[in-house]
Structures are given as structure tokens and as C-alpha cells.
Amino acid sequence: MIKIFRELKSRAGWILLIFALLFLQAFCDLALPAYTSRIVDTGIQQKGVEDAVPDAIRAETLDSLLRLMDGEEGSKVQAAYSREEGDLYILDSIRGDTREELNRILGRAMVLEAGLESRGVSAAALTEEQLEALRPEAEKQLEGMSESILTQAAVTYVQQEYTAQGRNLDSMQTRYVLFSGLSMLGLSGLSMLAAILVTFFSSRVAAGFGHDLRNRIYRKVLSFSSSEMNRFSTASLITRSTNDIQQIQMVLTLLFRIVLYAPILGIGGVLKVLNTGSEMTWILGIGVAAIFAVMIFLFTVAMPKFRILQTLIDRVNLVTREILTGIPVIRAFSAEKHEEERFDEANRELTRTNLFVNRCMTFMMPVMMLIMNGLSVLIVYSGSHAIDAGRMQVGGMMAFIQYAMQIIMAFLMISMVAVFMPRASVSARRIYDVLETETEIKNPVRAKKPAAGLRGELEFRNVSFCYPGAEEKVLDGISFRAGQGETVAFIGSTGSGKSTLVNLIPRFFDVTEGQILVDGVDIRDMNLEDLRSRLGYVPQKAVLFSGTIASNLRYGDENASSGALRQAAEIAQAAAFIDEKPEGMETPIAQGGANVSGGQKQRLAIARAVAKKPEIYIFDDSFSALDFQTDAALRRALKRETGDATSLIVAQRISTILHADRILVLDGGKLAGCGTHEELMKNCEVYRQIARSQLSEEELGA
């Protein structure tokens, strides 16, 4: 996954924007519990009066309170108020720390004044000697009161003061609650907007990253030689390009929306909790420790299963692909039951592993909810004692519960995403196995180009080849030369190396020993695109692509004219069946050419190569699905229309290559004979045996 994160540098701008939006969302979410606390404590319990600092106070009340303060405290209070018309003093604009200090000073004085009034006297009516006598007892009484109780007692005094001023406390309370509620709605709306934008941008980044990763894998796989393709099965490459990338894309989306948000929310919640009720932070410690214990246990049990889950998906894809591809053979051999059992076994193993993992993860959520609810009960239990002792208000406890839940939810969100991380990590490893695979077939650092006068010249110089990991050579010491316009044929028993030999020319594999030269240049020194642009390749198994007949014929030359396509189809003996179709060249071709016969598919593949007009034609047993009449007509047309090109023909039927300029006979990977049909009948026993097995004495005599 670290490599994935490194590749996100190109999207750093979007990620920074997501970060900013997450901070905005966290700020809004963390502000909401404080508003809840204010509505309960200030709005409901205190009728909209926040603390012991009134925004307006009568002169007689202020004078009475000032007598209960020392000189320094009195000066600070007087400095905070300005006299208006009449006998009212109005509070000036002050800072938060100044208000806290005034709240402490005025609160103490108001509690003392309320105590005196309960005895039927007022500080204004007492002499200095009487006040001095009362101070020790008052100080002793105040020392035993918590700041919370002191503030609440002072708030009652402020309420009485407002009533005396003729102000409507009910209206104040309604206004305070309404304003706080509207503020909460505004913050909630802003948080929702930020969350929507984060989801949009994170999805955009993840989808863009998945798009780029799929393109990279596709380009990498196209550069693979047959050796690398054999290392990764087709089913596995499909899984890596789809399912594995989907896993990473999903995790990246969750990563931006949840994993980055959770620490911001958690740290912010801790800071808020420390300001709300630090004496209960030990409860959070218990909750976080319990969550970590559950996560460690679950991942210890489930992690090994995640590592094999993707491999099992590969296995199911492989079996499915084999069965769907081989349905005709399966039906012909009545092997449906066997294949059903084979698929069922792979499917059952995948299902069993998925169930195990999902059960583990399903178990996690109820446990997490139990922990969260248990913490809520513990906070209420501990908070009720704090409220009873006067160390906390009800709103403060409610805010603490909300902050605690936000902190726990942050860890819960991380744990939920962590469920997908192991699987995404496995997927990332599988993807980078493909991307970091060194291809054996590479373009040279300094590519060479053939001389301008050479065209269609091919030479094998003592070529030997063995497949990667194999000890025995498939080809051993093959040497021959094919000049421009010549037709060279290859024949031999099954497994003699015919197809391997011609597959070395486009560099599907590289030779183990020796050299292959095209137009006088070693093919390993040529640019791959330059080399393959000179070749017209018709594989042993004809492959067509979904589209139309015209799009398939233009596969080698997308700029080929309609006339050129028509000529290629006529040479390949495909024009007749194309003309029979109502849409002609625009007739749709299904995936894999499923809607045309084997012979038609083979002729279209030959026409595709002819339309490219290459220097060298490679026909790898490309006439096997054709009848003798069509075969003969096609070869005559090829010789007539493409006489300036070199043709290499791999064949099983001698009748296909009777008139070749040169026939190479392969036996066990070695060259057993080379010459014309007549020469080989005289000099090559292997060829004679093949010929006698296929042709009658009359045909041989002819």
C-alpha cells in the first residue's frame, strides 16, 4: 500500500482540498456538543443567563456588590461597565479571559449578597466594621463551594436583577434557545456540505487513480512476451485488472472519507473532553483499550484468510473461464457432472473463506456497540456523582458523552476501514507484481534500421531455443535463408518445433542461441514496432475481435481503403461469403468471431494480414480449416498478388506446400532436410514418410 500512497503525489492538490474540508467538517461536528450543553445548562436551567456577568446592572445593585469586593476587584468590575442614562450600567465589550475573571469576582459577591438578603439585610446597609466582621465567615463559606455551584447561585441573583429591571426572562430564554438551535442547524448544514464535497472529491481521486492503474496494467500486459503471459494466467490478469483495482479504489475512497477524518475528530474530541470534564477521561482510556483489544484479536484470526482470498477468486475465475470456453467439448464428452463438481469445489472453498472473514467482521460491530453503550452507562454513572457533588452540570455531562462517542466513533471508523486494508494490501501486492515484472522482450537502447534497399530478407543463423525453465531444446541449430519473393514452408511431426520457429520471428520469445536477421539486422537490435510492422502474421488459431468485418481487416492498417480491403478479401477467398451477407463489409463480428465458421474466420485472418501489405507473411498452419479447392485457390492468389513478399508457411498437409520454393523438414527440433518437394523425396526419409502417409502413389508420381 505504501507504493499506492507514493503514486498519489500527482493528486496532492485534491488531497489537500479534501484535508481542508475534513478540518471544516470536524470543526462543525466538534462544536455541536458545546451547543447542546449550552441549551441544557444556560438555555433551560439558567433561562438564557450565561454566567454571573450581567450585560446591564442597576447602580444600587452594583454599589452593593462593590462593597463586598476588595479595592482591586472593584476597580476591575467598574472598568468593565459604562454608565448609561438613568441608573443602569452597561457591560463593555470584553475578552473571554476578562469575562471569566469577572464571573469569579461578581459570582462571589453575588452569593454573599444573596446570603445577606436571606437574613433581611443588604451590604449597602452595613457599616465597614460589620462587613469586616462578616468576611472570615463568608470566605469560609465560599471555599467549600465549587465554581459550578458558585456560578449557578450567582445566575439566580442575575435573574432577579433582570426581573427588577423589568426584563422578560421567558423571552430571553426563548431567544437564547432559538439562536443556539439555529447555530446548530447552520453548523450541521455546513458539516453536511463538507461531507458531500469530501465524498465527491475522494471518489473522483480514487476513480481517477483506478483508471490510471488499469491503463498501466493494460499497457504492461501488452508488453509481455509469451514467457510473462505464461507466468500470470489470463484469469489472474483479469482479476488483477478488475477486482484487485476495485478493492484499492474502494479503500482509497474510505481512506479519504474516514481514515483521514477519524484522527482529526479523535484528537479534537480529546481536547474538547479535557475542557469539559477531565476527571472522567479514564473512561475513554478503558474504551480505546477495549476497542484495540477487539481489533487485534480479530485481525490475528482473519488476516491469514485475507491473504488467500484473492488467490481463491483467481481459482474460481480460472475454472469458470475454462468451463465456459470448453462447453462444446464438455457436452461432447458428457462431462457436465465432473465440471460441476470441479467448479463447486472451487466455489465452496471461496465461499467458506468469505464466510469466515465476514463472520469475524460481523462479530466486530456488536462488540463495538457494546463497548460504546457500556461507556455511555459508565459516563452517566460517574457524571451523576459529579453533578451531585456540584463539580459538573447536566449539560456538561451530555457534552462529555457526545465527545466521548465522537472519539470512540473515530476509532470505530478506523477499525471498519481496517477490515478492508488487508485485502487491499494483498491486491496492491498482486498489482505491483504485474507492474514490476521485467519483460524479457524489450526495445534496444539504440535501435537499428535495415538498409533502404532490403525488403523481405530473412535469415536464421544457428538458432536454438528452449522454453524458460526447460532443460531440453525445442529448436537446435536451425539455419536457413529466405529471400524476397520466396515461399519457404515448414513441415514435421507434431511437436517438432514448427510453430515455435515462426513465433521467434515477431519476438514472442527470444532465441536462446544464434541470430535471426530481418533485412540484414538482428531482430533484437530492431525496434519492436518497426520489426512487427514488416510482418503479416496469421496465427494457428485465428482470432477475430468484436466489431465489423471491415474493422477486423483494418486491424493491421487502419487507413486501408475500401478497395484495399476488397482486394485482400478476394485474395483470401473471403469475398464470396462477405458478399452473401446483407451488410457486406459492415457485417458485425461477435467476440472471438463466434458468429462465423472456422473456415471463414481463418480466411478473414488471412485477409487481415494481406491488407497490411507486409514484407514477410507468416502463416502458422493457417490453411487447416480450408477445403482443398479453397486452399489451392488461395495459394494461387497469394502467389500472384503478393509475389514480391516473402512467405513462411507452417503446414501439416503436404499438398499445401508442394510448390514452395523451399521446404524445411523439422524432426525433434532439428533440421532434417531442406529443399524442394522433389529433392526431399529423394534425400529426406522423414519427408518421404510424411508424404507417403498423406499422398497416393499417383500424386507422388505426379
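Refer to the structure printed above.
Residues numbered from 1 in each chain as written. Predicted model: local features only at pLDDT ≥ 70, side-chain atom pairs only at ≥ 80, totals over all residues. Heavy atoms only, no water.

## Brief notes about the side chain of S202
Moving on, step 1. Residue position: S202 is located in helix α8 (residues 169–222).
Moving on, step 2. Within the local environment of S202, its side chain forms a polar contact with the backbone oxygen of V198, the two atoms lying 2.7 Å apart.
Moving on, step 3. Every residue in contact with S202, bar those within four places of it in the chain, is listed here: I18, T253, F256 and R257. (Helix = DSSP H or I, 4+ residues; strand = E, 2+ residues; numbered from the N terminus. Polar contact = N/O pair within 3.5 Å; in protein donor to acceptor, adjacent residues only side chain to side chain. Contact = heavy atoms within 4.5 Å.)

## Some points on the environment of L412
Moving on, step 1. Positionally, L412 belongs in helix α15 (residues 394–435).
Moving on, step 2. Residues L412 and F292, spaced 120 residues apart in sequence, show a C-alpha to C-alpha distance of 9.6 Å.
Moving on, step 3. Once residues lying within four places of it in the same chain are set aside, the contact partners of L412 are M368 and M372.

## Description of a nonpolar patch on the surface
Moving on, step 1. Among the surface-exposed residues, I267, V270, L271 and L274 lie close enough to one another that they form a single nonpolar patch of about 370 Å² accessible area.
Moving on, step 2. Using a relative accessible area of 51% as the deciding quantity, one classes L271 as exposed. (Patch = residues over 30% accessible without salt bridge, like charges linked within 9 Å, V, L, I, M, F, W, Y side chains within 5 Å. Areas by Shrake-Rupley, 256 points an atom, 1.4 Å probe, with all protein chains shown as cover. Salt bridge = Lys/Arg side-chain N within 4 Å of Asp/Glu carboxyl O. Buried < 20%, exposed > 50% of the residue type's maximum accessible area, 1.4 Å probe, protein only.)

## Looking at the sheet that holds strand β7 (residues 513–518)
Moving on, step 1. Pairing is antiparallel in the open sheet, where four strands are placed in the order β5-β4-β7-β8. The sheet is open, and its two borders are formed by β5 (475–482) and β8 (521–522), each paired with just one other strand.
Moving on, step 2. With two bridges connecting them, β7 and β8 associate as antiparallel partners. Across the sheet, L517 pairs through a bridge with D522, a residue of β8. (Pairing = 2+ DSSP bridges.)

## Topic: the sheet that holds strand β1 (residues 56–58)
Moving on, step 1. Here three strands make up an open sheet; going across it, the order is β1-β3-β2 and the pairing antiparallel. Of all strands in the sheet, those with a lone pairing partner are β1 and β2 (81–83), marking the two edges. Strand after strand, the sheet turns through a mean of 30° between neighbouring axes, direction not considered.
Moving on, step 2. Contacts from helix α3 (residues 59–66) reach β1, β2 and β3 (88–91), with the element oriented near 85° to β1.
Moving on, step 3. Along the sheet face, helix α4 (residues 71–80) touches β2 and β3 and points at about 60° away from the line of β2. (Axes fitted to C-alpha atoms, helices over the stretch in contact; angles between N-to-C directions.)

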